[in-house]
Amino acid sequence: MNVTYHQNYRRTRGTPIIRNFLSEVHIRSDQLIQPFFIKEGLQQEQEITALSGQKQHTIDSLQRAIEDALLHGVKSFLLFIVPSEEKKREREFDYDFDISVIKKLKDSFGRNIFLWCDVCLCSNTLSGHCGFLLQDTQGVQGIPSIDNHQTVLELCRKSLLYAQAGADGIAPSDMMDDRVAAIRDTLDQNQLHHKLLMSYSAKFASNFYGPFRAAANSSPASGDRKSYQLDYTHTFDAIRCAIRDLQQGADVLMVKPAGIYLDIIYRLKYQQSETAGKIPIAAYQVSGEYQALKLLAQSGLANFDSAYFESLCAIKRAGADLIITYGATLGAKLSS
């Protein structure tokens, strides 16, 4: 009897069991990082209307949220500390609240969590910019001019205080030149060699940050951040910034946003010889990306859980080792 063999690829998609055991992409709960906002002066947690399901926390509500995340295997957290409005200023900052929060979290959870602390000045300054403005605040063609040197000095001071308070990792998000080398040197000179640096290396001047800026009270009072964040038409600027941060002592390189910059993730992970296979790549699914999925689901045009998990798989498939996402606990549940 003559038998004709056909290439029937559908056989490998027939049932959930088949699809799962042939899966090439796996979302691991211990590689998901949950961002949290804690705001000084709050008496009770507050919903962030611009970012569905997320909250500005008190220390008590934050501890409860971390406990819930731990139950589902999420152990890594990125902390954004939002000062009270009256503490926003241009030069001299009081970090007492920040230090007490970090100490309380590490006293409560110790080595059960890995606590990344975002380091930037945008929530601290009246200008809402990520660094100190020069006296000529109009800069070139109305663009605010940033004092890179003085800003880096303050970022080093903030990083050192956070690390001494117990932060496991420092995540500078400001995009100032050479801040990675300066922070690494500061930590090392203070016997904090073991603290990790996750650099926002390829952070683009994106349109998808709006909900975050509402949550962190960090919108620029004037102008924009295009003079220090990356232009989304400049691929190789992102690559060279990442290479520089690797050379200056970063332990993790981050691409932000994630979902619309999958090509940058892929280049850094697999194609760029200076970075490929040499350093973990993190990807930040930013507030606008996450909220877009929420709005799509709220309009009845998609199932949120399914669409959200698909988005995580796309980021992982592009090469991300770590994913920072506002739905980390949900992602852990869906992956189990």
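Whatever comes next refers back to the structure up there.
Quantities reported herein were computed from a predicted structural model and do not represent experimental measurements.

Draft legend 1. Geometry of the overall build of the protein chain. Looking only at helices and strands, the protein chain features 11 helices and 10 strands. For 336 residues, the compact-globule formula gives about 20 Å, and the C-alpha radius of gyration of the protein chain, at 21 Å, lands near that figure. C-alpha atoms of the protein chain, sized along the principal axes, occupy 90 × 45 × 45 Å. When each of the 336 residues of the protein chain is scored for burial, the buried share is 54%. Accessible surface for the protein chain amounts to roughly 16,000 Å². Of this, 49% is attributable to carbon and sulfur atoms.

Draft legend 2. Region of interest: the pairing of strand β8 (residues 252-256). With respect to burial, β8 is a largely interior element, five of its five residues being buried. Residues V252, M254 and K256 line one face of β8 and the alternating positions L253 and V255 line the opposite face, and both faces are buried. Where strand β7 (residues 196-203) and β8 come together, four bridges link them in parallel fashion. Residue S199 lies in a different strand from β8, and its bridge partner there is L253. Relative to strand β9 (residues 281-284), β8 is paired through three bridges, and the arrangement is parallel. Looking at β9, one finds that V255 is bridged to A283. For the crossover from β8 across helix α8 (residues 262-271) to β9, the handedness is right-handed.

Draft legend 3. Representation of the environment of T58. For T58, the location among the structural elements is in the loop between β3 (55-57) and α2 (59-71). It is 8.8 Å that separates the C-alpha atoms of T58 and F37, two residues lying 21 residues apart in sequence. The contacts of T58, once residues within four sequence positions are left out, are I38, L42, Q43, Q44 and E45.

Draft legend 4. Molecular detail of unusual backbone geometry. Residues K256 and P257 are joined by a peptide bond in cis, for which omega reads -5°. Its location among the elements puts P257 in the loop between β8 and α8. For D178, which is not a glycine, the phi torsion comes out positive at approximately 65°. With respect to the helices and strands, D178 occurs in the loop between β6 (169-172) and α5 (179-189).

Draft legend 5. Just the environment of F109, in detail. With respect to the secondary-structure elements, F109 resides in helix α3 (residues 96-109). Residues within four places of F109 in sequence aside, it is in contact with Q63, I66, E67 and L70.

Draft legend 6. How the structure looks around the packing of aromatic side chains. Considering all chains together, one arrives at 17 aromatic pairs under this definition. Aromatic pair Y290 and Y308: ring centres 5.7 Å apart, planes at 90°, arrangement edge-to-face. Of this pair, Y290 sits in helix α9 (residues 287-298) while Y308 sits in helix α10 (residues 304-318); the two residues are 18 residues apart in sequence, bridging distant segments of the chain. Residues Y290 and Y308 agree in their burial class; the two are buried. Ring geometry for Y290 against Y326: centres 6.0 Å apart, planes inclined by 50°, an arrangement best described as tilted. Remark: Y326 occurs in the loop between β10 (322-324) and α11 (328-335) and Y290 occurs in helix α9; sequence separation between them is 36 residues.

Draft legend 7. Spotlight on the pattern of salt bridges. Tallying each qualifying case throughout the model produces 12 salt bridges. In this structure, the salt-bridge partner of K106 is D168, at a minimum N-O distance of 2.8 Å. Here D168 lies in the loop between α4 (148-165) and β6 and K106 lies in helix α3, a separation of 62 residues in the sequence. Take K106: its relative accessible area is 16%, and that puts it in the buried class. Residue E154 pairs with R157 through a salt bridge whose shortest N-O separation is 3.1 Å.

Draft legend 8. Expanded view of the side chain of Q272. Structurally, Q272 can be placed in the loop between α8 and β9. Among the polar contacts made by the side chain of Q272, one reaches the side chain of E274 at a distance of 2.6 Å. Those residues within four positions of Q272 in sequence are excluded, and the remaining contacts are I239, I243 and R267.

Thresholds applied
- Residues numbered from 1 in each chain as written.
- Predicted model: local features only at pLDDT ≥ 70, side-chain atom pairs only at ≥ 80, totals over all residues.
- Heavy atoms only, no water.
- Helix = DSSP H or I, 4+ residues; strand = E, 2+ residues; numbered from the N terminus.
- Rg over C-alpha atoms; globule rule 2.2 N^0.38 Å.
- Buried < 20%, exposed > 50% of the residue type's maximum accessible area, 1.4 Å probe, protein only.
- Areas by Shrake-Rupley, 256 points an atom, 1.4 Å probe, with all protein chains shown as cover.
- Pairing = 2+ DSSP bridges.
- Right-handed = clockwise from strand over helix to strand, strands pointing away.
- Contact = heavy atoms within 4.5 Å.
- Phe/Tyr/Trp six-rings, centres within 6.5 Å; stacked < 30°, edge-to-face > 60°.
- Salt bridge = Lys/Arg side-chain N within 4 Å of Asp/Glu carboxyl O.
- Polar contact = N/O pair within 3.5 Å; in protein donor to acceptor, adjacent residues only side chain to side chain.

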